[in-house]
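Examining the three-dimensional arrangement
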Amino acid sequence: MSGKFSNKVLVVNNIPTPYRVPLFNELNKELKKMGLALKVLFGAHSYPGRKWSVNLSLCEFEYKVLASWRLSLFDPEKVMFTYRGLLRIVRDEKPLVVITNGFSVATTKLWLLSWFMKIKYIIWSGAIENNRRPESWARKLHRRVILSRAIGFVAYGTKAKEYLISLGASPERIELGINTVDVDFFIRETKKYRALIERGINKKKLLYVGYLVKRKAVEQLLKAIKILASDREDFVLNIVGDGPERSNLVKQVEDMEIAKFVSFEGYKQKEELIKYYAEADYFLFPSDY
């Protein structure tokens, strides 16, 4: 890359999501204070299995959705994008730095470009060691290689940091950026909703919100509900979300004869979640990963 760098920070992300847009808005505000500009490149608008309705007019930052090809894998949770047009944008805009998503196709492209042009990239990763399914040597080699030319790293949490270190990243070059949602929105809106409802002597409401896949371990939660139901009847579990395991979980509820204690509420958009969070007495979040 020849010529002077711009004052632009590029962020490469897979798709727009309700929790990423507020984060990028905050990042944009902080960068402006430093005299820098933010532009986000999304790999696609969405992909099957994701039902988010994202209002892109809420984006306070510059963005572009790339004309990517989508590569579907066996796992419905894992979809790869080709990030078509990424290298051209990097060449034309000459960003100060690119923050790229994990060990994606985009990061591989930036690694290749770094051999021919001056380009600085930071890897933003939530990947952790999977102890139940060891990684292949080829996968680890690929990650070590593209990691080697990154100028820094942002890890979702301590486990993600440990994984980056295991691949050869210097601990001093890793910053923790906790994976979060728009906490202020949920605090504010649930407080408003609670002010409008009366909390009578009703059944206790238990709440699960999430994608219904095996690794979320909702079946273990249902076993706990079965045990609880043998001791008391003053509760109901609301399961909010959808996914490939829903039909299996519905059958499990019927087989365990706990249908009167479990309600499948289906997928809800961000604004619809407020009611469930505000009314819940307990929030349950099982996971085996």
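Scroll up a little and you will see the structure.
Read on for a plain summary of the structure. This structure is a prediction, so every number in the text was calculated from the model and none was measured. (Residues numbered from 1 in each chain as written. Predicted model: local features only at pLDDT ≥ 70, side-chain atom pairs only at ≥ 80, totals over all residues. Heavy atoms only, no water.)

Glancing now at the packing of helix α2 (residues 86-93) against helix α3 (residues 105-114). It is at 10 Å that the axes of α2 and α3 come closest, and there the two elements cross at 50°. If you check the angle between α2 and α3, you find them oblique. The interaxial crossing formed by α2 with α3 has right-handed handedness. On α3, the residues that touch L86, L87 and V90 of α2 are A106, K109, L110 and L113. Residue classes in the contact of α2 with α3 are distributed as six nonpolar, no polar and one charged. (Axes fitted to C-alpha atoms, helices over the stretch in contact; angles between N-to-C directions. Helix = DSSP H or I, 4+ residues; strand = E, 2+ residues; numbered from the N terminus. Parallel < 35°, antiparallel > 145°, perpendicular 65-115°, else oblique. Left-handed = near helix turned anticlockwise from the far one by under 90°. Contact = heavy atoms within 4.5 Å. Nonpolar A, V, L, I, M, F, W, Y, C, P; charged D, E, K, R; others polar.)

Ranked by internal contacts, the top residues of the largest apolar core, which has 32 residues, are L86, V90, V98, F103, L147, F153 and L164. Those residues in contact with L86 that sit more than four places away from it in its chain are V12, L41, L66, A106, K109 and L110. Counting 18 residues, the second-largest nonpolar core is a separate cluster that includes L212, A229, F235 and I239. (Core = buried A, V, L, I, M, F, W, Y, C linked by side-chain atoms within 4.5 Å. Buried < 20%, exposed > 50% of the residue type's maximum accessible area, 1.4 Å probe, protein only.)

Once that is clear, we can look at the side chain of N101. Relative to the assigned elements, N101 resides in strand β6 (residues 97-101). The exposure class of N101 is buried, given its relative accessible area of 16%. With residues near it in sequence (within four places) discarded, N101 still touches V12, N13, N14, Y83, A106, T107 and W124.

Applying the stated criterion across every chain yields a total of 14 aromatic pairs. Aromatic side chains W124 and Y156 sit 6.3 Å apart centroid to centroid with 70° between the ring planes, which places their arrangement in the edge-to-face category. On the criterion of sequence distance, the pair formed by W124 in strand β7 (residues 121-125) and Y156 in the loop between β8 (152-155) and α5 (158-166) is long-range, its members being 32 residues apart. W124 gets classed as buried once you look at its relative accessible area, which sits at 11%. Residue Y156 is classed as partly exposed on the basis of its relative accessible area of 27%. Where F185 meets F186, the ring centres are 5.1 Å apart and the plane angle is 80°; that geometry is what we call edge-to-face. In textbook terms, an aromatic cluster arises when at least three aromatic residues are bridged by ring pairs, as seen for F24, F42, F61, Y63, W124 and Y156. (Phe/Tyr/Trp six-rings, centres within 6.5 Å; stacked < 30°, edge-to-face > 60°.)

Axis separation between α3 and helix α4 (residues 137-147) bottoms out at 9 Å; the angle between their running directions is 50°. Between α3 and α4, the interaxial angle falls into the category oblique. Crossing handedness for the pair α3 and α4: left-handed. From α3, T107, T108 and W111 reach across to α4, where they touch H142, V145 and I146.

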